[in-house]
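What follows is each chain in one-letter form.
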Amino acid sequence: QVQLVESGGGLVQAGGSLRLSCAASGRTFSSSTMGWFRQAPGKEREFVAAISWSGVSTYYADSVKGRFTISRDNAKNTVYLQMTNLKPEDTAVYSCAAARSNSGSVYLVRSYDYWGQGTQVTVSS
């Protein structure tokens, strides 16, 4: 079992930066692929970024590539999402997720078994 708690969301102007954190409890964190997803009002949840259990491999949605960076600290059971050059279209609830198995596609919601409650990110123009 893995429990996830996000923090770091808030209100920022376009062009600004935020760093989201996701603190995990549970012994399986260090062996889990971790992902960040977001959901804007009236839209489906969409993939943002993911990182392999070792941190060696990272994956990004085209819309955030070059602006967002995912990282993890297994000693602290925490995964981060550094967001720069934020745009109004980045406004959404951001959630982190953990996958029990590393065999599924990191881009798909159904590949993840545990989810946090989410943190709101609002980017004003």
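> Mind showing me how you'd approach the pattern of salt bridges here?
A side chain with one charge can pair with a side chain of the opposite charge if their charged atoms come near. With the rule as written, the count across this model stands at 5 salt bridges. Across the pair arginine 67 and aspartate 90 runs a salt bridge, and its minimum N-O distance is 2.8 Å. Residue arginine 67 is found in the loop between β6 (58-60) and β7 (68-73), and its partner aspartate 90 is found in the loop between β8 (78-83) and β9 (92-99); the two are separated by 23 residues along the sequence. A salt bridge links arginine 100 to aspartate 113; the nearest nitrogen and oxygen atoms lie 3.5 Å apart. Of this pair, arginine 100 sits in the loop between β9 and β10 (114-115) while aspartate 113 sits in the loop between β9 and β10, and the two are 13 residues apart along the sequence. A relative accessible area of 60% means that arginine 100 is categorised as exposed. Aspartate 113 gets classed as partly exposed once you look at its relative accessible area, which sits at 32%.

> Sorry, what's going on with the nonpolar core here?
Soluble, globular proteins show a tendency: their nonpolar side chains are buried together. Membership of the largest hydrophobic core comes to 37 residues, with the highest contact counts inside it found for Leu4, Trp36, Leu81, Met83 and Tyr94. Of all the elements in the fold, those that place two or more residues in this core are β3 (18-25), β4 (33-39), β5 (46-51), β7, β8, β9 and β11 (119-124). Among the elements that take part in this core, β9 stands out by supplying 6 residues, more than any other. When sequence neighbours within four positions are dropped, the list of residues in contact with leucine 81 reads Leu18, Arg19, Leu20, Trp36, Val48, Ala49, Phe68, Thr69, Ile70 and Tyr94.

> Even after reading the chapter, I still don't get the pairing of β7, so can you show me in this structure?
Two faces, one strand: in a regular strand the side chains alternate between the faces of the sheet. Burial along β7 is one-sided: the face carrying Phe68, Ile70 and Arg72 is buried and the face carrying Thr69, Ser71 and Asp73 is not. With 6 bridges connecting them, β7 and β8 associate as antiparallel partners. Bridging across to β8, serine 71 finds its partner in tyrosine 80. Between β7 and the antiparallel strand that follows it, β8, lie 4 residues; asparagine 77 among them carries a positive phi value of about 55°.

Definitions and cut-offs
- Residues numbered from 1 in each chain as written.
- Predicted model: local features only at pLDDT ≥ 70, side-chain atom pairs only at ≥ 80, totals over all residues.
- Heavy atoms only, no water.
- Salt bridge = Lys/Arg side-chain N within 4 Å of Asp/Glu carboxyl O.
- Helix = DSSP H or I, 4+ residues; strand = E, 2+ residues; numbered from the N terminus.
- Buried < 20%, exposed > 50% of the residue type's maximum accessible area, 1.4 Å probe, protein only.
- Core = buried A, V, L, I, M, F, W, Y, C linked by side-chain atoms within 4.5 Å.
- Contact = heavy atoms within 4.5 Å.
- Pairing = 2+ DSSP bridges.

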